[in-house]
Amino acid sequence: MKTSPILFSLLALLCVAPLAQAQGNAQPVAQAAASYSKPKLEQFANAYRSIVILSQEYAPKLKAAADIQEAEAINQEAQGKMVSAIQDAGLSKEEYQQIATSLKSDPNLVEQVNQILQEKSAQD
């Protein structure tokens with residue numbers, strides 16, 4: 001299906017949209033990153049893992065969609081489940097997006113989240 005790159009972009013919207021919004025105010029976001037507690041970062045890591053799993057689940061469905069309308073319906077379902085995964089992890093969509101945006105400008109935060117993800121992978 002020729003439109004699949006567009007659809008994959010739509011699927012990733014939850015992670016990408018805040019980046020465009022934060023470009024103008026990257027400095028304040030980077031300063032706020034230092035205030036994330038370990039439990040908050042663990043919630044983010046849990047949500048991120050769920051979103052990755054959902055993305056992997058829905059990518060083939062989007063690719064196999066017969067037309068753009070079916071693909072949009074699949075994408076909408078996936079995004080709804082992603083928002084639910086974020087909320088199930090104990091975050092709001094805005095909190096998730098703020099941390100995701102902070103990762104772009106704070107290498108120390110990236111290291112902390114990666115460490116949490118590695119610890120969780122080792123436990124599984």
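It is worth spelling out the overall build of the protein at this point. Per the secondary structure count, the protein includes seven helices and zero strands. The secondary structure elements of the protein, listed N-terminal to C-terminal, are α-α-α-α-α-α-α. Counting only residues that meet the buried cut, the protein has 32% of its 124 residues in that class. Of the contacts made within the protein by residues no fewer than 6 positions apart, 83% connect residues no fewer than 24 positions apart. Carbon and sulfur atoms form 52% of the exposed surface of the protein, whose accessible area is close to 7200 Å².

Another aspect to go through is the packing of helix α4 (residues 38–64) against helix α7 (residues 107–123). Packing of α4 against α7 brings their axes to within 9 Å, and their N-to-C directions diverge by 65°. One way to sum up the angle between α4 and α7 is to call them roughly perpendicular. Considering the relative orientation of α4 and α7, their crossing is right-handed. Along the contact surface, α4 presents Lys-38, Leu-41, Glu-42, Phe-44, Ala-45, Asn-46, Tyr-48 and Arg-49, while α7 presents Leu-109, Gln-112, Val-113, Ile-116, Leu-117, Glu-119, Lys-120 and Ser-121. Looking at the contact of α4 with α7 residue by residue, the classes come out as eight nonpolar, three polar and five charged.

The next thing to look at is the nonpolar core. Counting 25 residues, the largest nonpolar core has Leu-41, Phe-44, Ile-86 and Tyr-96 as its most contacted members. Listing elements by their share of this core, those giving two or more residues are α4, α5 (68–88), α6 (93–105) and α7. Take this core: its biggest share by element is eight residues, from α4.

Attention now moves to α7. Owing to its 3.6 residues per turn, the α-helix aligns residues three or four sequence positions apart on the same side. The terminal C-alpha atoms of α7 lie 24 Å apart, and with 17 residues this matches the ideal 24 Å at 1.5 Å per residue to within 8%. Within the span of α7, buried status applies to Leu-109, Val-113, Ile-116, Leu-117 and Lys-120. Angular distribution of buried residues about the axis of α7 spans 95°; they occupy a single face of the element. Exposed and oriented more than 90 degrees from the buried face of α7 are Pro-107, Asn-108, Glu-111, Gln-118 and Ala-122. The N-terminus of α7 is capped by Asp-106, whose side-chain oxygen sits 3.1 Å from the backbone nitrogen of Asn-108.

Bringing the confidence of the model for the protein into the picture now. Mean pLDDT for the protein: 80, with 73% of residues reaching 70 or above. In the model, residues 1–33 has pLDDT below 50 throughout and makes 49 contacts with residues more than four positions away in sequence or in other chains.

Another point: the pattern of salt bridges. The tally for this structure, following the rule as stated, stands at three salt bridges. Close ionic contact of Glu-95 with Lys-40 constitutes a salt bridge, the shortest N to O distance being 3.1 Å. Here the residue Glu-95 occupies a position in helix α6, and Lys-40 occupies one in helix α4, the gap between them amounting to 55 residues.

Calculation notes
- Residues numbered from 1 in each chain as written.
- Predicted model: local features only at pLDDT ≥ 70, side-chain atom pairs only at ≥ 80, totals over all residues.
- Heavy atoms only, no water.
- Helix = DSSP H or I, 4+ residues; strand = E, 2+ residues; numbered from the N terminus.
- Buried < 20%, exposed > 50% of the residue type's maximum accessible area, 1.4 Å probe, protein only.
- Contact = heavy atoms within 4.5 Å.
- Areas by Shrake-Rupley, 256 points an atom, 1.4 Å probe, with all protein chains shown as cover.
- Axes fitted to C-alpha atoms, helices over the stretch in contact; angles between N-to-C directions.
- Parallel < 35°, antiparallel > 145°, perpendicular 65-115°, else oblique.
- Left-handed = near helix turned anticlockwise from the far one by under 90°.
- Nonpolar A, V, L, I, M, F, W, Y, C, P; charged D, E, K, R; others polar.
- Core = buried A, V, L, I, M, F, W, Y, C linked by side-chain atoms within 4.5 Å.
- Expected span 1.5 Å × (residues − 1).
- Arc of directions from axis to C-beta.
- Polar contact = N/O pair within 3.5 Å; in protein donor to acceptor, adjacent residues only side chain to side chain.
- pLDDT = per-residue confidence, 0-100.
- Salt bridge = Lys/Arg side-chain N within 4 Å of Asp/Glu carboxyl O.

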